[in-house]
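# Architecture and fold: a report
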Amino acid sequence: MALDNPADLFLYELSGMYDAERKSNQMVGEILSQTEQSPLAQILRAQQQQGQQKIQNLETCFAMMETEPVEVPCMSVDGMRAEFQAFVGQRPSMEAMEIYTVDAETRLAHYGIAAYQNLIDKALLMGEMQCAQILRTNLVQKQENAGTFERISHELGQRVAMSV
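Residues numbered from 1 in each chain as written. Predicted model: local features only at pLDDT ≥ 70, side-chain atom pairs only at ≥ 80, totals over all residues. Heavy atoms only, no water.

## Focus: the nonpolar core
Formed by 44 residues in total, the largest nonpolar core has its most connected members in Phe10, Leu14 and Leu135. When contributions to this core are tallied by element, the ones reaching two or more residues are α1 (6–34), α2 (40–64), α3 (75–88), α4 (94–125) and α5 (129–163). For this core, the element with the most residues is α4, which contributes 12 residues. (Core = buried A, V, L, I, M, F, W, Y, C linked by side-chain atoms within 4.5 Å. Buried < 20%, exposed > 50% of the residue type's maximum accessible area, 1.4 Å probe, protein only. Helix = DSSP H or I, 4+ residues; strand = E, 2+ residues; numbered from the N terminus.)

## Examining the pattern of salt bridges
Using the criterion set out here, one finds six salt bridges in the structure. Across the salt bridge formed by Asp19 and Lys23, the nearest N and O atoms sit 2.8 Å from each other. Placement of the pair is Asp19 and Lys23 together in helix α1, with a separation of four residues, close to one helical turn. By relative accessible area, Lys23 is classed as buried at 14%. (Salt bridge = Lys/Arg side-chain N within 4 Å of Asp/Glu carboxyl O.)

## Observations regarding empty space enclosed by the protein
All chains considered together, the criterion is met by one cavity of 30 Å³ or more. The space that makes up the largest cavity amounts to roughly 110 Å³. Lining the largest cavity we find Glu21, Ser24, Asn25, Val28, Gln47, Gly51, Lys54, Glu105, Leu108, Ala109, Lys142 and Asn145. Of all the secondary-structure elements, those providing two or more residues to the lining of the largest cavity are α1, α2, α4 and α5. (1 Å grid on protein atoms, 1.4 Å probe; cavity = no way out; pocket = protein on both sides within 12 Å on 5 of 7 lines; lining within 4 Å. Points joined across faces, edges and corners; volume = space filled by probe spheres on them.)

## Focus: unusual backbone geometry
Backbone geometry at Glu66 places phi at a positive 55 degrees, although glycine is not the residue there. Inspection of the secondary structure puts Glu66 in the loop between α2 and α3. Under the relative-accessibility criterion, Glu66 is labelled exposed at 74%. A positive phi angle, near 55 degrees, is found at Arg91, a position not held by glycine. Among the structural elements, Arg91 can be located in the loop between α3 and α4. Assessed through its relative accessible area of 75%, Arg91 is described here as exposed.

## Digging into the packing of α2 against α4
Helix packing geometry: the angle between the two helix axes and the distance between the axes. The contact between α2 and α4 brings their axes to 13 Å, and the two run at 20 degrees. Looking at the two axes, α2 sits roughly parallel to α4. Considering only the axes of α2 and α4, their crossing is left-handed. Packed against α2, whose contacting residues are Leu40, Leu44, Gln47, Lys54 and Leu58, the element α4 presents Glu98, Thr101, Val102, Glu105 and Tyr116 at the interface. When the residues that make up the contact of α2 with α4 are grouped by side-chain class, the tally is five nonpolar, two polar and three charged. (Axes fitted to C-alpha atoms, helices over the stretch in contact; angles between N-to-C directions. Parallel < 35°, antiparallel > 145°, perpendicular 65-115°, else oblique. Left-handed = near helix turned anticlockwise from the far one by under 90°. Contact = heavy atoms within 4.5 Å. Nonpolar A, V, L, I, M, F, W, Y, C, P; charged D, E, K, R; others polar.)

## Re the layout of surface pockets
Considering only enclosed or pocket space, the largest pocket measures out at about 220 Å³ in volume. Residue lining of the largest pocket: Tyr12, Glu13, Gly16, Met17, Val72, Pro73, Cys74, Tyr111, Ala115, Asn118 and Leu119, and that is the complete set. Elements represented by at least two residues in the lining of the largest pocket include exactly α1 and α4. Its residues assigned to classes, the lining of the largest pocket shows eight nonpolar, two polar and one charged.

## Some points on the state of the cysteines
For the structure on display, the rule yields one disulfide. Linked covalently through their sulfurs, Cys61 and Cys131 form a disulfide whose S-S length is 2.4 Å. An S-S torsion of about 115 degrees defines the bridge between Cys61 and Cys131 as right-handed. Linking Cys61 in helix α2 with Cys131 in helix α5, this pair joins segments that are 70 residues apart in sequence. Relative accessible area serves as the criterion here: at 0%, Cys61 is assigned to the buried category. (Disulfide = S-S within 2.5 Å.)

This is the structure:
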């Protein structure tokens, strides 16, 4: 893909986010399979549903621009997923798995926040107001997810500190 103008760059970055959301949703499924007995399972299932909605929202942006996503692999999410798989290979306790899961979900959320903020700025500059609004919906969900997992992280930290 030639990157000759801001519209090309926007499509490239939007495609990268599309790949990131699909891979993030797969990763949540992998995490869920490791934490099915955890109180986190319900939150992770909700994350998966939200992930599907975010993917659909991105597909709506592509449709509004009358284009298709291009192949742009999100290496950041690939790296986070590889880290998770290596961690699981260490056979962690359920408590360690919960803490790691919360940290991983927080990192994914913050990555998404930064990416969506940049995409929204570019969409607005290009006059893609409807797409910017859809991207803002995804951003708000990422911000809410970050807040949820930061709160859970704090609670888990307190629980671990009390058990020591």
